[in-house]
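Structure at a glance
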Amino acid sequence: MIKVIDLHKNFKNLHVLKGINLNVSKGEVVVIIGPSGSGKSTLLRCLNKLEESNSGEILFKDISVTNCKNGINKIRQDMGMVFQNFNLFPHMTVLENITLAPIKIKKMDKKQAEDIGFKLLGRVGLSDKANSYPNQLSGGQKQRVAIARALAMSPDLMLFDEPTSALDPEMVGEVLEVMKQLAAEGMTMIIVTHEMTFARQVADRVIFMDDGVILEEGSPEEFFTNPKNQRAQDFLKRVVN
Amino acid sequence: MDFSFLKNYYMFFLEGAKITLLLAILTIFFGVIFGILLALMRISHNPILKTISAAYIEFIRGTPIMVQLFIVYYGLSFIGITFPDINVLGSSFPDLMAGVTALSINSAAYVAEIVRAGIQAVDKGQMEASRSLGLTYFMSMKSIILPQAIKNVLPALGNEFIAIIKESSIVSIIGIHELMYNTDMVRGNTFKPFEPLIVTAGIYFIITFSLSTIVRTLERRLKTSD
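Residues numbered from 1 in each chain as written. Chains lettered and ligands numbered in written order. Predicted model: local features only at pLDDT ≥ 70, side-chain atom pairs only at ≥ 80, totals over all residues. Heavy atoms only, no water.

**Points about the sheet that holds strand β2 (residues 14-24) of chain A**
All names here are of chain A. Note the cut-off: Paired strands, as defined in this entry, are two strands with at least two bridges between them according to DSSP. Each helix is a run of H or I in the DSSP string that is no shorter than four residues. Each strand is a run of E no shorter than two, and both are numbered from the N terminus. Only heavy atoms enter the contact rule, under which two residues are in contact if any of them lie within 4.5 Å. Every angle, taken between N-to-C directions, lies between 0 and 180 degrees, and every axis is a line fitted to C-alpha atoms, over only the stretch in contact when it is a helix.
Pairing is antiparallel across the open sheet formed by four strands, whose spatial order is β2-β1-β4-β5. Edge strands, defined here as strands with exactly one partner in the open sheet, are β2 and β5 (63-64). Judged from the two bridges that link them, strand β4 (residues 55-60) and β5 form a sheet pairing that is antiparallel. Its bridge partner lying in β5, phenylalanine 60 is registered against isoleucine 63. Seen against the sheet, helix α1 (residues 40-47) touches β1 (2-11), β2 and β4 and runs at an angle of roughly 120 degrees to β1.

Given below as structure tokens:
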């Protein structure tokens, strides 16, 4: 589904990604973990070109993301993204947030887009909030709407950038539940998170990053019970306790 | 004070106010359109567009509006732009267009700075979320960023619109029969230098106060989502 080859990224003098290689196949759920500043969010943002990488290549469904001139909008339509801070559009209702892209880009008629919108709101358990504005929702509800919004374009791949990091603890569960359900339905997902229990439950593969490189990857069982890399061991010790 | 001149001259004030309103509406319309365009140029990553916009804004803000008005008034015909010489509400159309052009050129610079501030105050995540859905930069600007930006700066825009109405009085010097011009005619004809000014000040105030009321109402309406 998506293939990353020797990806490098600099912010001025800061070398954030130092040669990332990654291959995610259809239906796979990959969880990226690692300490703050390890480059995991940057990697995720490079995948849909919110950050411009400096060298290396990204192929999404065999189309180059890194070297596309005008095709990036087309590519992004098939790649949903969920942000740490939700980024819902505050001047639109929940339903308008969800139907915006299908109407604007897929030229869907309003009725059809709204049908999809209601269906998605049902899936994330917020059917009664269709006409609310984002500021009337709790953090967990906002994030569930954001997930529905990304799903409205029926993407092939979903990117999650620390989707629960800005949430109050009691709201983390409801968002993770939606994500689990999504994973169970076979969605290809790449998730950056600090939720270790969740990572263990939902991941097909765990990737541990530190200092701009992938230090270890493997099945969650393997990684959480018997990490081989020293820094991964230290990290797990710190976050699990 | 003697306002008895009004019964003979009230039409001068009304006709003048009509032209003043027409000038203001056209100026606000073009000023906002070009202002938004300049703001987008100013924040673009293209160094040429950026420089053009910055230079324009600095130049317009750094020169008197009266000079700009005369430059446009004589400049339009100098560079070969002419308008059909027809009569609009008692004023010549070419003069009116020169007035609207000068006022719009002036106002666009101020609107641009206001809108730029508004755009930059919108959270960066809004553009990212919109682009991540596959919307183009301009679609995102139009549907996501500008509506929020304009809402943020509505009070400042309201001030600018009020300034436009007041500053439109300057075009009386190129002979447009707007409120100020007609006031001077009344003052001359009636040999009353003072009283007509009171009437005119009242009319300007009614116009600007109505406008600020409209802007305030609009602000309140848009607040529903906050």
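**A short note on the packing of aromatic side chains**
All names here are of chain A. This is how it is decided: A pair of aromatic rings is counted whenever rings of Phe, Tyr or Trp (Trp by its six-membered ring) have centres within 6.5 Å, and the orientation is called stacked for planes under 30 degrees apart, edge-to-face for over 60 and tilted otherwise. Placement of a charge over a ring requires the Lys NZ or Arg CZ to be within 6 Å of the ring centre, with the centre-to-atom vector within 35 degrees of the ring normal.
Counted according to the given criterion, the structure contains twelve aromatic pairs over all chains. Feature note: the residues Phe208, Phe223, Phe224 and Phe235 constitute an aromatic cluster, connected by ring pairs. It is arginine 149 that lies over the ring of phenylalanine 89; its NZ or CZ is 4.4 Å from the centre.

**Points about the UniProt feature "domain: ABC transporter" (unreviewed entry) in chain A**
Basically, it comes down to this: UniProt positions are given in the numbering used here, feature names are shortened, and annotations may be inferred rather than shown by experiment.
Those places that UniProt annotates as "domain: ABC transporter" (unreviewed entry) correspond, in this numbering, to residues 2-236 of chain A. For residues 2-236 of chain A, the helix share is 37%, the strand share is 26%, and the end-to-end C-alpha distance is 27 Å.

**Some remarks on empty space enclosed by the protein**
Residues and elements named next belong to chain A. Test applied: With a 1 Å grid spanning the protein atoms alone, the term cavity applies to any set of points in which a 1.4 Å probe fits but cannot get out, the term pocket to an open set with protein on both sides within 12 Å along at least five of seven lines, and the term lining residue to any residue with an atom within 4 Å of a point. Grid points are joined across faces, edges and corners, and a volume is the space filled by probe spheres set on the points. Any residue outside Ala, Val, Leu, Ile, Met, Phe, Trp, Tyr, Cys, Pro, Asp, Glu, Lys and Arg is labelled polar, Gly included; the first ten of those are nonpolar and the last four are charged.
For the structure on display, the rule yields two cavities of 30 Å³ or more. The calculated volume of the largest cavity comes to roughly 50 Å³. Forming the boundary of the largest cavity are Leu120, Arg123, Val124, Leu151, Val178, Gln181, Leu182 and Glu185. Mapped by element, the contributors of at least two residues to the lining of the largest cavity are α4 (110-123) and α6 (169-184). Residue contributions to the lining of the largest cavity peak at three residues, all from α6. Across the lining of the largest cavity, the residue classes tally to five nonpolar, one polar and two charged. A volume near 30 Å³ is recorded for the second largest cavity.

**Some details on the interface of chain B and chain A**
Stated formally: Two parts placed together each lose some accessible area; with a 1.4 Å probe, that loss summed over both constitutes the buried area. Basic side-chain nitrogens of Lys or Arg form a salt bridge, by our definition, when they fall within 4 Å of a carboxyl oxygen of Asp or Glu. Polar contact is defined as a pair of N or O atoms within 3.5 Å, subject to the rule that within protein one atom must be able to donate a hydrogen and the other to accept it, and that residues adjacent in sequence are counted only when both atoms are side-chain atoms.
Counting from both sides, the interface comprises 20 residues of chain B and, opposite them, 25 residues of chain A. Together, the buried faces of chain B and chain A total about 1900 Å²; carbon and sulfur atoms form 58% of this surface. Where chain B touches chain A, the interface holds one salt bridge. The partner of Glu128(B) in a salt bridge is Arg45(A), and the shortest N-O contact between them spans 2.6 Å. Our count for the contact surface shared by chain B and chain A stands at six residue pairs in polar contact (both at pLDDT 80 or more). Contributions of two or more residues to the side of chain B that touches chain A are made by α5 (124-132) and α6 (137-152) of chain B. When residues of the side of chain B that touches chain A are assigned to their parent elements, the largest contribution, seven residues, is made by α5(B). For the side of chain B that touches chain A, the residue count by class is six nonpolar, nine polar and five charged.

**Quick notes on the pairing of strand β8 (residues 188-192) of chain A**
Put simply, side chains in a regular strand alternate between the two faces of the sheet. Residues and elements named next belong to chain A. Note the following rule: Type-normalised accessible area, obtained with a 1.4 Å probe on protein chains alone, sets the label of each residue: buried when under 20%, exposed when over 50%, and partly exposed for intermediate values. Crossovers are described as right-handed under a simple rule: with the strands pointing away from the observer, the path leading from the first strand over the helix to the second runs clockwise.
By the criterion of burial, β8 is predominantly enclosed, with five of the five residues buried. Neither face of β8 is open: one carries Thr188, Ile190 and Val192, the other Met189 and Ile191, and all of them are buried. Where strand β3 (residues 29-33) and β8 come together, four bridges link them in parallel fashion. Its bridge partner being in β8, valine 29 is matched across the sheet by methionine 189. Strand direction decides the pairing type here: strand β7 (residues 157-161) and β8, joined by five bridges, are parallel. When the sheet's bridge partners are listed, leucine 157 is paired in β8 with threonine 188. Chirality of the crossover, the property in question, places the unit of β7, α6 and β8 among those that are right-handed.

**Some remarks on a nonpolar patch on the surface**
Residue and element names in this part refer to chain B. This is how it is decided: Patch building starts from residues that exceed 30% relative accessible area and form no salt bridge, then joins like charges within 9 Å and nonpolar side chains (Val, Leu, Ile, Met, Phe, Trp, Tyr) within 5 Å. In these tables, accessible area is a Shrake-Rupley quantity obtained with a 1.4 Å probe, and a residue counts as shielded only by the protein chains included in the view.
Taken together, the side chains of Met1, Phe3, Phe194 and Ile198 present a nonpolar region at the surface, about 420 Å² in accessible area. Tracing the backbone through its elements, the reader meets isoleucine 198 in helix α9 (residues 195-222). By relative accessible area, isoleucine 198 is classed as partly exposed at 39%.

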